[in-house]
Structure formats: C-alpha cells, structure tokens
Amino acid sequence: VQLVESGGGLVQPGGSLRLSCAASGFTFSRYAMTWYRQAPGQGRELVAVITNTGGSTNYANSVKGRFTISRDNAKSTVYLQMNSLKPEDTAVYYCKVLINGRDSWGQGTQVTVSS
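Each value, and the rule that gives it
- Residues numbered from 1 in each chain as written.
- Predicted model: local features only at pLDDT ≥ 70, side-chain atom pairs only at ≥ 80, totals over all residues.
- Heavy atoms only, no water.
- Helix = DSSP H or I, 4+ residues; strand = E, 2+ residues; numbered from the N terminus.
- Rg over C-alpha atoms; globule rule 2.2 N^0.38 Å.
- Contact = heavy atoms within 4.5 Å.
- Pairing = 2+ DSSP bridges.
- Axes fitted to C-alpha atoms, helices over the stretch in contact; angles between N-to-C directions.
- Core = buried A, V, L, I, M, F, W, Y, C linked by side-chain atoms within 4.5 Å.
- Buried < 20%, exposed > 50% of the residue type's maximum accessible area, 1.4 Å probe, protein only.
- Polar contact = N/O pair within 3.5 Å; in protein donor to acceptor, adjacent residues only side chain to side chain.
- Phe/Tyr/Trp six-rings, centres within 6.5 Å; stacked < 30°, edge-to-face > 60°.
- Lys NZ or Arg CZ within 6 Å of the ring centre and 35° of its normal.

Re the overall build of the protein chain
Right, on to step 1. Counting secondary structure elements, the protein chain contains 0 helices and 11 strands.
Right, on to step 2. Helices and strands appear in the protein chain in the N-to-C order β-β-β-β-β-β-β-β-β-β-β.
Right, on to step 3. Computed over its C-alpha atoms, the radius of gyration of the protein chain comes to 13 Å, within 12% of the 13 Å expected for a compact globule of 115 residues.
Right, on to step 4. Seen through its C-alpha atoms, the protein chain measures out along the principal axes to roughly 40 × 25 × 25 Å.

Listed below in structure tokens is the structure:
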C-alpha cells in the first residue's frame, strides 16, 4: 500500500488549496478514504471521510462548509478541496486507508495559512 499526498503550500487567509492523495498497491475502489491533519504540538485530527463509491461523506465540524472531499476511482486518487482557509487550518495533512484492520498513511503534505 502506498499513499502519496501533494498540493500543500503557503496560502493567505481566505484562500484555497486542493490536496491530492494518489494511492497504489491495493484496489482503491473497495475502500473508504480519510483525510487527517496534525497541527504543531497537537494530536492527529480527522478532517473528512468518503466511502468507497464516493456516495457518502462526513466532515469535522471545524471544516464543514469549507472543505470538500472527493475521489476519482479511475485515477485511484482522493482529493480535499479547501476553501476559506483560516490560520487554524495550518497543519500537516495526511490521507489514510484502513485495510483488513491495518491503517496505512501517506507521508503528509504541509499546509500553512498565513498572511
């Protein structure tokens, strides 16, 4: 299993970023995918989850209405569109998949929201 995140960077408050997580080594379309984030000095926080078909999504209250999770099963990629970014969204963002009781994580991508 390999997960590779990309798309992070420095953005001003109110700006937008789109994160991608490219998956390989497993049948992507069979599994729900999750985005987490970890801010400096804090624990890892669930941000958004999407079912294997993309038919259902769920979000942390802190990002609801601003972030959108989506997936393209043909490309084995999950996305996180982040709008109206706030300084408190600054964190390393990770994608994760749970397969047969085992979590697999990507290496993370840094998102910094600052003026």
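Here the narrative resumes.
Remarks on the environment of Asn58
Right, on to step 1. With respect to the element layout, Asn58 can be found in strand β6 (residues 57-59).
Right, on to step 2. Every residue in contact with Asn58, bar those within four places of it in the chain, is listed here: Val47, Ala48 and Val49.

Thoughts on the sheet that holds strand β8 (residues 77-82)
Right, on to step 1. Strand order in this open sheet of 4 strands is β1-β3-β8-β7, and the pairing throughout is antiparallel. Since the sheet does not close on itself, it has two edges, and those belong to β1 (2-6) and β7 (67-72), each with one partner. Neighbour-to-neighbour, the strand axes of the sheet open up by a mean angle of 15 degrees, direction not taken into account.
Right, on to step 2. Examined bridge by bridge, β7 and β8 share 6 bridges and lie antiparallel to one another.

Re the nonpolar core
Right, on to step 1. In terms of nonpolar packing, the biggest core is built from 30 residues, with Met33, Trp35, Leu80, Met82 and Tyr93 touching the most fellow members.
Right, on to step 2. Contributing elements (two or more residues each) for this core: β3 (17-24), β4 (33-38), β5 (44-50), β7, β8, β9 (91-99) and β11 (109-113).
Right, on to step 3. It is β9 that provides the largest number of residues to this core, a total of 5 residues.
Right, on to step 4. Dropping the residues within four chain positions of it, Met33 is found in contact with Leu3, Cys21, Phe26, Phe28, Ala48, Val49, Ile50, Ile69, Arg71, Val78, Lys96 and Val97.

Observations concerning the side chain of Arg37
Right, on to step 1. Among the secondary structure elements, Arg37 is positioned in strand β4.
Right, on to step 2. According to the relative accessible area criterion, Arg37 is buried, its value standing at 7%.
Right, on to step 3. A distance of 2.9 Å separates a polar atom in the side chain of Arg37 from a polar atom in the side chain of Asp89.

Topic: the side chain of Arg66
Right, on to step 1. Secondary-structure assignment places Arg66 in the loop between β6 and β7.
Right, on to step 2. Accessibility expressed as a relative area gives 10% for Arg66, which makes it buried.
Right, on to step 3. Setting aside residues up to four positions removed in sequence, Arg66 forms contacts with Gln81, Met82, Asn83, Ser84, Leu85, Lys86 and Asp89.

Let's talk about the packing of aromatic side chains
Right, on to step 1. Under the counting rule described, the total for this entry stands at 4 aromatic pairs.
Right, on to step 2. Ring centres of Phe26 and Tyr31 lie 5.9 Å apart, and the angle between their planes is 70 degrees; on these two criteria the pair is classed as edge-to-face.
Right, on to step 3. The class for Phe26 is buried, based on a relative accessible area of 16%.
Right, on to step 4. For the ring pair Tyr94 and Trp105, a centre distance of 6.2 Å and an interplane angle of 90 degrees mean the geometry is edge-to-face. One end of the pair, Tyr94, is in strand β9; the other, Trp105, is in strand β10 (residues 102-105), and 11 residues separate them in sequence.
Right, on to step 5. Of the aromatic side chains, those joined through ring pairs into one cluster are Phe26, Phe28 and Tyr31.
Right, on to step 6. It is Arg44 that lies over the ring of Trp105; its NZ or CZ is 4.4 Å from the centre.
Right, on to step 7. When the ring centre of Phe28 is taken as reference, the NZ or CZ atom of Arg71 above it lies at 4.2 Å.

On their own, these measurements won't tell you what the molecule is for.
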